[in-house]
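# Working through the structure, step by step
Chain by chain, the residues:
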Amino acid sequence: MLILQQEYLKKVKKKSFIILTLLVPLLFVGMFALIIFLSLYDDKQERTIAVYDESTLFLGELEPEGTTQFHFVPKEKFDTLRTNLKGSEFYAILFIPENIYSNNTAQIISEKQLPMELTERIGRRLSRFIENDKRQKVIDEAGIPDLDERLAETRTTVKINTLKVSDTGEARKSSSEVAFIASYAMGFIIYFFVFMYGASVMRSVMEEKKNRIVEVIISSVKPFQLMAGKIIGTALVGLTQVGIWVIVGIILLGVGQSFFTPESAEQMSQSLMESSQQMGGATISQDMANNQVADILELVGNLNLPLILFSFLFYFLAGYLMYSSLLGAVGAAVDNEEDSQQMVFPITFPLILAIMILFPIARNPEGPIAFWGSIIPFTSPVAMLARVPYGVPTWELLLSMALLILATVGAIWAAAKIYKTGLLMYGKKVNLKELIKWLRYKN
Amino acid sequence: MELFSAQHVNKVFSKTRALSDVSISVKEQSIFGLLGPNGAGKTTLIRIINQITAPDDGELFLEGRKMRQSDVAHIGYLPEERGLYKKMKVGEQAVYLAQLKGMSRKDAMQNLKIWFERFEMMDWWNKKVEELSKGMQQKVQFVTTVVHKPTLLIFDEPFSGFDPINANLLKREILRLRDDGATIIFSTHNMGSVEELCDHIALINKSVKIVDGPTNEIREKYKSNIFEIKYKGNFEQVDKALGRRFKILEHVESVKENQLQVQYLNGDSNNDLLQAIIPAAEIISFEEIIPSMNDVFIKAVQESNNPKIQKDE
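Residues numbered from 1 in each chain as written. Chains lettered and ligands numbered in written order. Predicted model: local features only at pLDDT ≥ 70, side-chain atom pairs only at ≥ 80, totals over all residues.

## A look at the overall build of chain A
We apply this condition: Helix and strand assignments follow DSSP, with helices taken as H or I runs no shorter than four residues and strands as E runs no shorter than two, numbered in order from the N terminus. Put plainly, a residue is buried at 20 or more neighbouring C-beta atoms within 10 Å of its own, exposed at 12 or fewer, and partly exposed in between, counting only other residues' C-beta atoms, which are placed from the backbone. Residues are scored as being in contact if the C-beta atoms we place from backbone atoms lie within 7 Å.
Check the secondary structure of chain A and you find 18 helices and six strands. In chain A, buried positions account for 28% of the 443 residues. Relative to all contacts within chain A whose residues are 6 or more apart in sequence, the contacts with residues 24 or more apart total 68%.

## Overview of the overall build of chain B
Looking only at helices and strands, chain B features 11 helices and 14 strands. Each of the 313 residues in chain B was classed as buried or not, and the buried ones make up 36%. Partitioning the contacts of chain B with sequence separation of at least 6, the portion at a separation of at least 24 is 70%.

## Things to note about the environment of Thr188 of chain B
Residue and element names in this part refer to chain B. Of note, Thr188 is situated in the loop between strand 8 (183-187) and helix 6 (191-197). Among the residues examined, Thr188 registers 21 C-beta atoms within 10 Å and is labelled buried. Distance from Thr188 to Glu80, taken between C-alpha atoms, is 9.5 Å for residues 108 residues apart in sequence. Setting aside residues up to four positions removed in sequence, Thr188 forms contacts with Gly33, Glu157, Pro158, Phe159, Ser193 and Val194.

## A closer look at the interface of chain A and chain B
Put simply, the test is: Residue type decides the class: Asp, Glu, Lys and Arg count as charged, Ala, Val, Leu, Ile, Met, Phe, Trp, Tyr, Cys and Pro as nonpolar, and the leftover types, Gly among them, as polar.
Contact residues are listed per partner, giving 14 residues for chain A and 19 residues for chain B. For the side of chain A that touches chain B, the elements supplying multiple residues, two or more each, are helix 1 (2-13) and helix 8 (214-218) of chain A. Per-element accounting of the side of chain A that touches chain B gives the leading share, four residues, to helix 8 of chain A. The class makeup of the residues in the side of chain A that touches chain B is six nonpolar, five polar and three charged.

## Details of the sheet that holds strand 14 (residues 281-288) of chain B
Residues and elements named next belong to chain B. Rules: Two strands are counted as paired when DSSP detects at least two bridges linking them. Helix axes use the C-alpha atoms of the stretch in contact, all axes being lines fitted to C-alpha atoms, and the angles between their N-to-C directions lie in the range 0 to 180 degrees.
Taking strand neighbours across the sheet as the criterion, the four strands line up as 12-13-11-14 in an open arrangement whose pairing is antiparallel. At either margin of the open sheet sits one strand with a lone partner, and together these are strand 12 (246-253) and strand 14. Taking the axes of each pair of neighbouring strands and ignoring which way they run, one obtains an average angle of 25° across the sheet. Relative to strand 13 (residues 258-264), strand 12 is paired through seven bridges, and the arrangement is antiparallel. Paired with Glu253 across the bridge in strand 13 is Asn258. This element, helix 8 (residues 235-242), spans strand 11 (226-233), strand 12, strand 13 and strand 14 of the sheet and lies at about 170° to strand 12.

## Focus: the pairing of strand 6 (residues 75-78) of chain B
Across a regular strand the side chains alternate sides, sitting on one face of the sheet and then on the other. Residues and elements named next belong to chain B. In strand 6, alternate side chains face the same way, and those of Ile75 and Tyr77 on one face and Gly76 and Leu78 on the other are all buried. As defined by bridge partners, strand 6 adjoins strand 7 (residues 152-156) across four bridges and the pair is classed as parallel. Note on strand 7: the bridge partner recorded for Ile75 is Leu152.

## A look at the packing of helix 12 (residues 305-333) of chain A against helix 16 (residues 380-387) of chain A
Packed helix pairs are characterised by how far apart their axes lie and by the angle those axes make with each other. Residue and element names in this part refer to chain A. Heads up, the rule is: Between 65 and 115 degrees an angle is taken as roughly perpendicular, under 35 as roughly parallel, over 145 as roughly antiparallel, and anywhere else as oblique.
Across the interface, helix 12 lies against helix 16 with an axial gap of 9 Å and an inter-helix angle of 170°. One finds that helix 12 runs roughly antiparallel with respect to helix 16. Residues Ser311, Phe312, Tyr315, Ala318 and Gly319 of helix 12 touch helix 16, and the partners they reach there are Pro381, Met384 and Leu385. Grouping the constituent residues of the contact of helix 12 with helix 16 by class yields six nonpolar, two polar and no charged.

## What to know about the environment of Ile418 of chain A
Residues and elements named next belong to chain A. Inspection of the secondary structure puts Ile418 in helix 17 (residues 394-422). Through-space distance from the C-alpha of Ile418 to that of Lys437 is 9.3 Å; in sequence the pair is 19 residues apart. Apart from the residues lying within four places of it in its own chain, the contact partners of Ile418 are Ala329, Ala332, Ala333, Leu435, Trp438 and Leu439.

## Remarks on the environment of Ala202 of chain B
All names here are of chain B. Here Ala202 is to be found in strand 9 (residues 200-205). Linking Ala202 and Gly36, residues 166 residues apart in sequence, is a C-alpha distance of 8.3 Å. Leave out the neighbours within four places in its chain, and Ala202 touches Ile24, Leu34, Lys209, Val211 and Asp212.

## Comments concerning helix 5 (residues 116-142) of chain A
Residues and elements named next belong to chain A. Just so we agree on the cut-off: A helix is expected to span 1.5 Å multiplied by its residue count minus one.
Here helix 5 is 27 residues long and its end C-alpha atoms lie 38 Å apart, about the 39 Å a rise of 1.5 Å per residue gives. Taken residue by residue, helix 5 has Leu118, Ile122 and Leu126 as its buried positions. Contacts from the buried residues of helix 5 go to strand 2 (68-72) and strand 3 (92-96). Of the residues one or two after helix 5, Gly143 is the one with positive phi, at around 75°.

## So, the sheet that holds strand 9 of chain B
Residue and element names in this part refer to chain B. Pairing within the open sheet is mixed, and its six strands lie in the order 6-7-8-3-9-10. Edge positions in the sheet fall to strand 6 and strand 10 (208-214), since each has one partner strand and no second. In this sheet, neighbouring strand axes are inclined to one another by 15° on average, regardless of whether the strands run parallel or antiparallel. In this fold helix 1 (residues 42-49) packs onto strand 3 (31-35), strand 7, strand 8 and strand 9, with an angle of close to 150° to the strand it touches most, strand 7. Against the sheet, helix 10 (residues 293-305) engages strand 3, strand 9 and strand 10, with an angle of about 35° to strand 9.

## Quick look at the packing of helix 12 of chain A against helix 17 of chain A
All names here are of chain A. For the record, the criterion: By convention, the crossing between two helices is left-handed when the near helix turns anticlockwise from the far helix through less than a right angle, and right-handed when the turn is clockwise.
It is at 8 Å that the axes of helix 12 and helix 17 come closest, and there the two elements cross at 20°. As the angle between them shows, helix 12 and helix 17 are arranged roughly parallel. Between helix 12 and helix 17 lies a crossing whose hand is left-handed. Two secondary-structure elements touch here, helix 12 through Phe314, Ala318, Leu321, Met322, Ser325, Leu326, Gly328, Ala329, Ala332 and Ala333 and helix 17 through Met401, Leu404, Ile405, Ala407, Thr408, Ala411, Ile412, Ala415, Ile418, Tyr419 and Gly422.

## Digging into the pairing of strand 3 of chain B
All names here are of chain B. Along strand 3, five of the five residues are buried, which leaves the element largely enclosed by surrounding structure. Burial of strand 3 is two-sided: the residues Ile31, Gly33 and Leu35 facing one way and the residues Phe32 and Leu34 facing the other way are all buried. Both strand 3 and strand 8 contribute to a ladder of four bridges, which runs parallel. By the bridge assignment, Leu34 is partnered in strand 8 with Ser187. Bridge analysis of strand 3 against strand 9 gives four bridges, and the strand direction is parallel. Pairing of Gly33 across the sheet is with Ile201, part of strand 9.

## Examining the nonpolar core
Our working definition: Only buried Ala, Val, Leu, Ile, Met, Phe, Trp, Tyr and Cys residues enter a nonpolar core, and they are joined through C-beta atoms within 7 Å.
Residues Ile190 and Val382 of chain A together with Ala94, Ile154 and Ile184 of chain B are the most contacted members of the largest nonpolar core, which totals 127 residues. The contact partners of Ile190 of chain A, leaving out residues within four places of it in the chain, are Tyr315, Phe316, Gly319, Pro381, Val382 and Leu385 of chain A. Formed by 16 residues, the second largest nonpolar core is a distinct cluster that contains Tyr52, Ile93, Ala106 and Ile122 of chain A.

The structure is reproduced here in structure tokens:
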């Protein structure tokens, strides 16, 4: 109990803990702010692009695109520019050939590689211009006056709302996208925490061994108590950290809601709209964008939150217990940092594997990778959690949990033995064979 | 009265035998020296007493009853390899270690203050351990070993790493702890401190206890009938008088007096030696040389390593 408290206080008081605790939310907020900022005021660079229009169709028709100006030049100028672009005031040359209507191709000649977005925008603008022109011709030829409006009405975008039927037959709106994000995020959070705090336990054990203080301590308490205190203490540190983040997140959300006035929300959805327009070309109305936000909220609410929270806690704790006790044992078995590296790798490998299969799992939560990954205890904390938002058959969940509990108990048992033997063993290079021998010791 | 005893303790580490059938008995309020060459098994025995490792068989008794895990609260242990948390503050750390031994925070603070003042290290309370010199750290560690008023104190090589001044301070404190009622077991290679401090010793060599007894008796036992004689007279006459029955080990002549170290061989007695020398010289003093612990140690270990030598002699 005392060790637990000690370990907890020692870590919580550490500068790195405080910094990390404060920094991560700031980092997240900063990242979001940066993304929003960039999407609002993206391309600020002023460019002037020389346009030589061989087809003469576009003369005077190209409006400035954001901060990019278009300047029409005659053929002679185009020829000189072509060989001497570097010294000129132009950023690039757009060459529109005579036959653009038939082969739909134009050229941009530049010294540097142009931003992809810019070339895409120019391309879109040219196509829209030609498209409108052609359509107008068709409309004129057809002689149907409101053809334009009628054609516009035919444009359709189908949004698929997925509904999930639960055992009770109750259908609920669900979304693969939201589940995907949730699954990926949770798998990653578990990975991150297990890794970070497991390593922290290992370092703490190694420090005690290196300082030689461990002999004094295990003459006061049993090695198992020491290990348990350390692991639980560190777990509490982790929970404290998460707790702080959750509280900070809630506060920030509250502040954000009062800070983001309707206008700024409008601005944001507008920029969202713009960017989605740029990506797919589909037009989404303001209302639809607003609806989407509401939809996402509803969909998040429709995830089985209690189950997700419960499994998050369960897999976090079990995974953490298993890995941190194994890492703690490694810390006890080795003498120095370098030796620990090669012992740590085999232990953390399944965890890294789990993070690698996270993406395939999130894409196909029913596949064999997902199934085996979430049943085998070493990867299940990450893999199963990635599947939970999609819904997992109860028997699989129970099997996975049972196996994980077994594995965790086994890991703790093995770790306790290695720990006890290793703590007072100095100057001996430990390998796997040696460790297995230690497991067989009676005491 | 016996405070602690270990009976028929055996311990084997995979292939090496660390202790074979070792028994020791430690009287209350005494200082017990645990001696032996490196790797003899001293530290293993000490760890067994501290419940860090369990013996393969054999039993430990404290105050007449079997030892339990909880008894470690009454033991103070200073291991050979010392260390403290480097980043922790001295005072905080001392309180923590005392609490681990079952003291309340308040008592720990109170006792620590007394010890810190006695060792004049109150200024270090809020310093980090890494800011202290090695010697200072040793002092802190010593205090953390004794602060919970243990009835049994175990020091593994307590003097290593101490300068002579601090070693003396440590000796004084050890004696004082004994006088205050503590029982002390310590292992050391420093034979001088054994002569000074130990009431009783046990010598372990290659996992076997080869010598055990009160320090004085052991030195008596290991004396080799060597005498130092100071006399006035002629060495040649003395030499002739001693003849072949006595072996002269050393001879120093000076204006004031001559000095001689003589060993008598089997079958003779002190009187025989005196009788032989009296006719030849005027004796100023006659004193038996008691072997130092150092000599006892070397002799005992050599005898146990090569039993043949003993027989030949």
